[in-house]
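Spelled out from the first residue to the last, the chains are:
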Amino acid sequence: LDGLAPLPLFMNRMFMGNPGTGKTTCAELYGQVLKHLGFLSVGDVVFKTAGDLGGAVVGEAQKKTLDVLSSAAGKVLVIDEAYNL
(Lines give C-alpha, C1' and ligand atoms only; values in the text may rest on other atoms or scores of the structure.)
Protein backbone atom coordinates (compact mmCIF):
# COMPACT_ATOMS: atom_id res chain seq x y z
CA LEU A 1 0.00 0.00 0.00
CA ASP A 2 3.03 2.25 -0.35
CA GLY A 3 2.89 3.27 3.31
CA LEU A 4 -0.71 4.47 3.14
CA ALA A 5 -3.00 3.73 6.05
CA PRO A 6 -5.74 1.23 5.22
CA LEU A 7 -9.23 2.61 4.79
CA PRO A 8 -11.81 1.53 7.38
CA LEU A 9 -14.30 -1.06 6.18
CA PHE A 10 -17.87 -0.94 7.44
CA MET A 11 -20.07 -3.91 6.55
CA ASN A 12 -23.24 -2.76 8.31
CA ARG A 13 -26.13 -2.21 5.93
CA MET A 14 -29.72 -1.10 6.31
CA PHE A 15 -32.28 -2.44 3.85
CA MET A 16 -35.40 -0.30 3.95
CA GLY A 17 -38.63 -0.49 2.01
CA ASN A 18 -42.21 -1.59 1.92
CA PRO A 19 -43.13 -5.28 2.24
CA GLY A 20 -42.33 -7.22 -0.91
CA THR A 21 -39.58 -4.90 -2.18
CA GLY A 22 -36.73 -7.42 -1.90
CA LYS A 23 -35.09 -6.59 1.43
CA THR A 24 -34.74 -10.26 2.38
CA THR A 25 -33.36 -11.14 -1.05
CA CYS A 26 -30.83 -8.30 -0.80
CA ALA A 27 -29.71 -9.51 2.63
CA GLU A 28 -29.24 -13.05 1.31
CA LEU A 29 -27.25 -11.81 -1.70
CA TYR A 30 -25.17 -9.59 0.58
CA GLY A 31 -24.29 -12.63 2.70
CA GLN A 32 -23.25 -14.58 -0.38
CA VAL A 33 -21.05 -11.72 -1.60
CA LEU A 34 -19.37 -11.28 1.80
CA LYS A 35 -18.72 -15.03 2.02
CA HIS A 36 -17.29 -15.07 -1.51
CA LEU A 37 -14.97 -12.18 -0.62
CA GLY A 38 -13.83 -14.00 2.52
CA PHE A 39 -15.35 -11.60 5.05
CA LEU A 40 -17.77 -14.22 6.44
CA SER A 41 -17.13 -17.87 7.22
CA VAL A 42 -20.70 -19.02 6.58
CA GLY A 43 -22.67 -16.32 4.78
CA ASP A 44 -26.11 -17.55 5.87
CA VAL A 45 -28.72 -15.05 7.00
CA VAL A 46 -30.15 -15.13 10.54
CA PHE A 47 -33.47 -13.31 10.94
CA LYS A 48 -34.44 -11.91 14.33
CA THR A 49 -36.89 -9.30 15.60
CA ALA A 50 -36.46 -6.63 18.24
CA GLY A 51 -38.37 -8.90 20.63
CA ASP A 52 -35.66 -11.55 20.28
CA LEU A 53 -33.15 -9.10 21.78
CA GLY A 54 -35.16 -7.54 24.61
CA GLY A 55 -35.92 -8.76 28.06
CA ALA A 56 -38.51 -8.30 30.78
CA VAL A 57 -36.10 -8.21 33.71
CA VAL A 58 -32.73 -6.57 34.30
CA GLY A 59 -29.96 -8.51 32.59
CA GLU A 60 -32.23 -10.60 30.39
CA ALA A 61 -31.76 -8.38 27.33
CA GLN A 62 -28.00 -8.64 27.61
CA LYS A 63 -28.08 -12.44 27.73
CA LYS A 64 -30.57 -12.70 24.87
CA THR A 65 -28.57 -10.27 22.74
CA LEU A 66 -25.30 -12.11 23.37
CA ASP A 67 -27.00 -15.42 22.47
CA VAL A 68 -28.29 -13.95 19.19
CA LEU A 69 -24.89 -12.48 18.33
CA SER A 70 -23.18 -15.80 19.09
CA SER A 71 -25.62 -17.71 16.91
CA ALA A 72 -25.02 -15.24 14.05
CA ALA A 73 -21.21 -15.45 14.08
CA GLY A 74 -19.94 -15.73 10.50
CA LYS A 75 -23.41 -14.94 9.16
CA VAL A 76 -25.52 -11.92 8.22
CA LEU A 77 -27.79 -10.84 11.07
CA VAL A 78 -31.05 -9.21 10.01
CA ILE A 79 -33.05 -7.49 12.76
CA ASP A 80 -36.57 -6.95 11.47
CA GLU A 81 -38.30 -3.84 12.79
CA ALA A 82 -35.10 -2.77 14.61
CA TYR A 83 -36.66 0.64 15.26
CA ASN A 84 -38.50 -1.06 18.15
CA LEU A 85 -35.26 -1.48 20.09
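Every chain begins its residue count from 1, and numbering advances along the sequence as written. It should be noted that, the model being predicted, local features are given only for residues of pLDDT at least 70 and side-chain atom pairs only at 80 or more, the latter also being counted only at that level, while totals for whole chains, interfaces and linings use all residues. For side-chain calculations, the full set of non-hydrogen atoms in the structure is used, while hydrogens and water are omitted.

Student: Help me understand the overall build of the protein, please; the structure alone is not making it clear to me.
Tutor: When helices and strands are counted, the protein shows two helices and two strands. Beginning at the N terminus, the succession of helices and strands in the protein can be written as α-β-α-β. For 85 residues, the compact-globule estimate of 2.2 N^0.38 gives 12 Å, and the C-alpha radius of gyration of the protein, at 16 Å, exceeds that figure by more than 25%. Seen through its C-alpha atoms, the protein measures out along the principal axes to roughly 55 × 35 × 20 Å. We call a residue buried when its accessible area falls under 20% of the maximum for its residue type, exposed when it is over 50%, and partly exposed in between, using a 1.4 Å probe and counting protein chains only. The 85 residues of the protein split such that 14% are buried. For the protein, long-range pairs separated by at least 24 residues make up 52% of all intrachain contacts whose partners lie at least 6 apart in sequence. With the model as given, the accessible surface of the protein reaches about 6600 Å², and the carbon-plus-sulfur share is 60%. Only four residue types enter the tally: Lys and Arg on the positive side, Asp and Glu on the negative side; His and the chain ends are excluded. Lys charges are placed at NZ, Arg charges at CZ, Asp charges at CG and Glu charges at CD. Taking the 7 positively charged and 8 negatively charged side chains of the protein as two groups, their mean positions are separated by 2 Å. Numbering of helices and strands starts at the N terminus; helices are DSSP runs of H or I of at least 4 residues and strands are runs of E of at least 2. For the radius of gyration, the atoms used are the C-alpha atoms, and the globule rule reads 2.2 Å times the number of residues raised to 0.38. The contact criterion used is simple: two residues touch if any of their non-hydrogen atoms lie within 4.5 Å. Note on areas: these come from Shrake-Rupley sampling with a 1.4 Å probe, and a residue is covered only by the protein chains present in the view.

Student: Just checking my understanding: could you explain the pairing of strand β1 (residues 45–49) for this structure?
Tutor: Moving residue by residue along a regular strand, the side chains alternate between the two faces of the sheet. Where β1 lies against strand β2 (residues 76–80), five bridges are found, and the strand directions are parallel. In the sheet register, F47 faces β2, and the bridge partner there is V78. For the crossover that starts at β1, traverses helix α2 (residues 60–71) and ends in the parallel β2, the hand is right-handed. At least two DSSP bridges between two strands are required for those strands to pair. Crossovers are marked right-handed if the path from the first strand over the helix to the second runs clockwise, as seen with the strands pointing away from the viewer.

Student: Explanation requested: the packing of aromatic side chains in the structure shown.
Tutor: Aromatic ring pairs: the centre-centre distance and the angle between the two ring planes describe each pair. What counts as a ring pair is set by centres within 6.5 Å for rings of Phe, Tyr and Trp (its six-membered ring), and what kind of pair is set by the plane angle: stacked under 30 degrees, edge-to-face over 60, tilted for all other angles. If you walk through the whole model with that rule in mind, you get one aromatic pair. Considering the side-chain rings of F15 and Y30, the 6.2 Å spacing of their centres and the 70° angle between planes classify their relative orientation as edge-to-face. Within this pair, whereas F15 is found in the segment before α1 (23–36), its partner Y30 is found in helix α1, the two being separated by 15 residues in sequence. For F15, a relative accessible area of 33% corresponds to the partly exposed category.

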